Amino acid sequence: MANTNLQFKTNYAVSSKIEPFYKGGKVQISKDEKYVFCTCGSRINVLEISTGKIVHCVEHDDQEDITSFALSCDDELLVTASRALLLKQWDWRQAICTRSWKAIHTIPVASMTFDSTSTLLATGGCDATIKVWDVVKQYCTHNLKGSSGVVHLVQFHPDISRLQLFSSSLDCSIRLWDLRSSQCVCVLQSHYSAVTSLSFSRDGGTMVSSGRDKICTVWDLKSCQAKRTVPVYEAVEGVVLLPEKTDLSQIGVKSKNLHFVTAGSKGVLRVWEASTARCVYTQTFPSTCTPSSEEDEEDDNPRSLTYLFHLPSSSRLATVTAEHNILFYQLPSLTTQQQFVGYNDEVLDVKFLGKDDSHVVVATNSCQLKVFQLLTNSCQILYGHTDTVLTLDVFKKGSLFASCAKDRSVRVWQMDSDSGLVRCVAQGSSHTNAVGSISCSRMKASFVVTGSQDCTVKVWDLPAELSGAEIHQLSPRTTEKAHDKDVNSVAVSPNDKLLASGSQDRTAKLWSLSGDGNLGLLGVFRGHRRGIWSVCFSPVDQVLASSSADGTTKLWSLQDFSCLKTFEGHDASVLKVIFVSRGTQLLTSGSDGLVKLWTIKTNECVKTLDAHLDKVWGLHGSRKDDKMVTGSADSNITVWVDVTEVELAEEQAKQEDQILKQQELSNLLHEKKYLKALGLAISLDQPHTVLTVIKAIRQVEDSSELLEKTLLKLRVDQKESLLRYCVVWNTNARNCLDAQAVLQVLLTHLPPEELLQYQGARTHLEGLIPYTERHMERIGRLQQASMFLNYMWQKMRVAGAPSGMEQDEEMDTTPLTQTQPLFFVDKEKVKGSSDEREDQGDDRDSGQEEESYFHVRDEEEAEEISASKKASANDSREKKRESTKTNGHHQSESEESSEEEVEDDQAVQVMKNVPVSSPPQCQALS
């Protein structure tokens, strides 16, 4: 019964993406604390803090990298500076550049800031100058010179009434500028390395500066003297003064004295008391990381902090790490509230995790694991491995997963179902080289299997209970030299009794996982021409799927180890393969950046999904089989959702709608509501139906007026479609008259300027010209032929008219009724004429014989019909007509007496074939 409900998948759609938004550079948080502004090459990405999504993006047209930017204090104006020496002012919500001007700096701008009123903008350049701009009146107010080297820090005093600007350059000093006099009031010297940040007290009388010389200095701005120098023993990148009237006892603030927080190369936040220069609180590392060594505390420590912000409205602190992660801490406890990963580097593997697949765990080109919550994109970073994590696998329940890395170790992690926090519960290390593949048991969490670059496969037993704070040590149950080269992939069968391994030696092997702990080789799968990247068991059938660097995916029988099917379609290595749709379809990902959906029964590639720009290393399906996730070397993680049923429902709804509209169209034509019918047919985009409506209009009385009245009431877009249809109709002689009628209305009543504004109007008109000329030539030839026919008809005389009638006298050319015969054949005249031709034929030596057959089907009709030839000027022909008097019906042979007689006979034959109603038609055409 289950198979009856099985439906093949036909398409996936992108549900969400986790993409890089910050690759280093300046970061700023909006005043309302809802958005984070980050530089990313030539773009400024705006991240919404509540959802973790990129909601706005500002990008320079010239693709020049942005060197600095500043957001005004009222969150309205965004100004960016690029290497092209241009300053651009943006309406960032609409991503529209409202103004751009030259920066006047001779080399790029290094730092920017707004004052508290959002009217003054200060730019510090690499040319050792500072420019102050009035962004409202749009002019440069100050050009401050005197700094030495790059001005990497500019900041206004929070009290704008003082009109003071602070700056720092390569001379490690802090300069105080008075904007009233445009002079440097004083130079504050205390640091011996670059000054990284400034923070002001609430009353504006005290300032704290931080530097990479591992000290912080407290300044009295009234006397412009240093009150206290605080050694912090780390290169400080950010300093923030804590609010005075807030209970911060949880982080060591016991007195009302001045306290500040530092962030630097150690990667932790520390709280200092300014008066005593004492550290009162140090942030502790999370439990999932190992303590940092002394080497890690140097400048290359990936956990080092580069920015520190205070968010007073929400009472939070925000930090930016050297690995481009943005973390939010809640005061006063300094607990991690949110974490966003700005750049993932190369994604090596990705798996669904948690209840209802609410999270994904990602292995990137680093020693940390990242666990993303799909709803908010908030990330939890797991520390433990000491080298690049290569691959992952998840146990059946989804809360337990395993990882392996280049550090030759394997780790097992557990997610708390309530809090979502992940911690390491077990680890093992026994391989002699990097561990590149791992697979978990399928029935229950009892063991894991690893494959390594040391060509071995190991089976690790897990303890029955993984709860508790301690980390269990794992030891391998069995070790087997499985292949001659690196083991790239291992997979455990759904019943935990079989193991498959794929290697760089171009073979896949099937092993038995017996209860005694030994691995027994059952067979070898041979057929791939390059190394095998991935192997996967079918969930229902006794088959194994393998993907290889030769660009193919193969299905193998577990009974006789033969190749059942081969799937070809990728242009490069196939890196991953999984089964979907209960084992009836395959999903593959390749080095070409494509993900392909295959139907096994037909060997057909149903869909090709293109959302990545580089190798797709990670591919995993959800437990409900309705989603999949892909991770690529382009740093993008994409979650896909199965839209087969949605598209099927949409298609059915579309068909039902088409049927209803067709019925409505028929009703409108029947009711002769041509305007509505025409508009409906155009909306359906059915040119043939539109043509049917046009034909129906032209068949009624006063069709020209009705057609003109109907077409002129159409909308502009409908007229555009009609003009496009006319080009197609005009190519067919059957429909050209309808097309020309429509064109006549459009060209007559619409001005050329309006017509040329239609989309593709020039192309359409160029397509109309050659076919219209061809139709004109055809009608011209038809008119000439009809003129000749009309001439012949005018020169013919109906029998019974007076013989003395002159040749030029007009004849009665009214159409005859169907009961009235067109020609009358006189039997006697015919017979006499035939006898005379026989006599003339005897007198001639060389003559030609001609057979003339006169057949009359009805005897009564034959007696009433007689035929007479046209009057001729020749006397011999006059005599013939007088002497032909005998009656009868016979068949005779005669010779031609002259060429004129032959022509007359042919004319009679032609006129016999002319229908009765032809003369009026010819007259109408003429």
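Above this text sits the structure in question.
Cut-offs and rules
- Position labels on residues start from 1 in each chain and follow its written sequence.
- Only residues with pLDDT of 70 or above have their local features reported here, since the model is predicted, and side-chain atom pairs are shown and tallied only from 80 upward, although totals for entire chains, interfaces and linings are computed over all residues.
- To obtain the side-chain values, all non-hydrogen atoms of the structure were included, while hydrogens and water were left out.
- Planes of paired rings set the category: under 30 degrees apart is stacked, over 60 is edge-to-face and the rest tilted, where pairs are Phe, Tyr or Trp rings (Trp by its six-membered ring) whose centres lie within 6.5 Å.
- Per the convention used, a helix needs a DSSP run of H or I reaching at least four residues, while a strand needs a run of E reaching at least two, with both numbered from the N terminus.
- Three exposure classes are used, based on accessible area relative to the maximum for each residue type with a 1.4 Å probe and protein chains only: buried under 20%, partly exposed in between, and exposed over 50%.
- Charges are assigned to positions over rings by a cutoff of 6 Å between ring centre and Lys NZ or Arg CZ, combined with an angular limit of 35 degrees from the ring normal.
- Any two strands with at least two DSSP-identified bridges between them are counted as paired.
- Just to be clear on terms, a salt bridge is a Lys or Arg side-chain nitrogen sitting within 4 Å of an Asp or Glu carboxyl oxygen.
- Note on geometry: axes are C-alpha line fits, over the in-contact stretch for helices, and angles between N-to-C directions span 0 to 180 degrees.

Participant: Explain the packing of aromatic side chains here, please?
Facilitator: Each pair of aromatic rings is reported with the distance of its centres and the angle of its planes. Inspection of every chain in the model, using the stated rule, returns 12 aromatic pairs. Between Phe328 and Phe340, the ring centres sit 6.1 Å apart and the planes meet at 80°, which makes this aromatic pair edge-to-face. Placement of the pair is Phe328 in strand E28 (residues 325–330) and Phe340 in strand E29 (residues 335–341), with a sequence separation of 12 residues. Neither Phe328 nor Phe340 differs from the other in exposure class; each is buried. Geometrically, the ring pair formed by Tyr725 and Trp729 is tilted, given 6.2 Å between the ring centres and 40° between the ring planes. Here the residue Tyr725 and the residue Trp729 both occupy positions in helix H5 (residues 716–729), the gap between them amounting to 4 residues, near one helical turn. In terms of burial, Tyr725 and Trp729 fall into one category: buried. Clustering of aromatic rings is evident, with ring pairs tying together Tyr35, Phe37 and Trp92. Above the ring of Trp101, the side-chain terminus of Arg99 is found at 3.8 Å from the ring centroid.

Participant: Before we go on, may I ask you to explain the pairing of strand E9 (residues 96–102) in this structure?
Facilitator: Residues in a regular strand point their side chains to alternate faces of the sheet. Here strand E8 (residues 86–91) runs beside E9; their pairing, made up of 6 bridges, is antiparallel. Looking at the pairing, Leu87 lines up with Trp101 of E9. Joining the antiparallel neighbours E8 and E9 is a turn of 4 residues, in which Ala95 adopts a positive phi near 55°.

Participant: Would you take a moment to explain the pattern of salt bridges for this structure?
Facilitator: Pairs may arise between side chains of opposite charge once their charged atoms sit close together. Scanning the model with the defined rule gives 20 salt bridges in all. Asp393 is paired through a salt bridge with Arg442; the nearest N and O atoms lie 3.1 Å apart. Taken together, the residues span a long stretch of sequence, with Asp393 in strand E34 (residues 389–394) and Arg442 in the loop between strand E38 (435–440) and strand E39 (447–452) at a distance of 49 residues. A salt bridge links Asp461 to Arg477; its shortest N-O distance comes to 3.0 Å. Placement of Asp461 in strand E40 (residues 456–461) and of Arg477 in strand E42 (residues 476–481) is noted, with a sequence separation of 16 residues between them. Each of Lys9, Asp625 and Asp642 takes part in one network of salt bridges that share partners.

Participant: Explain the sheet that holds strand E21 (residues 225–231) here, please?
Facilitator: Paired through backbone hydrogen bonds, the strands of a sheet run either parallel or antiparallel to each other. Pairing in this open sheet of 4 strands is antiparallel, and the strands run E18-E19-E20-E21 from one edge to the other. With partners counted over all chains shown, the strands left at the sheet margins are strand E18 (195–200) and E21, one partner each. Within this sheet the neighbouring strands show an average axis-to-axis angle of 20°, counted without direction. Pairing of strand E20 (residues 215–220) with E21, which is carried by 6 bridges, proceeds in the antiparallel orientation. By the bridge assignment for E21, Asp220 is matched with Gln225.

Coordinates in, geometry out; function isn't part of it.
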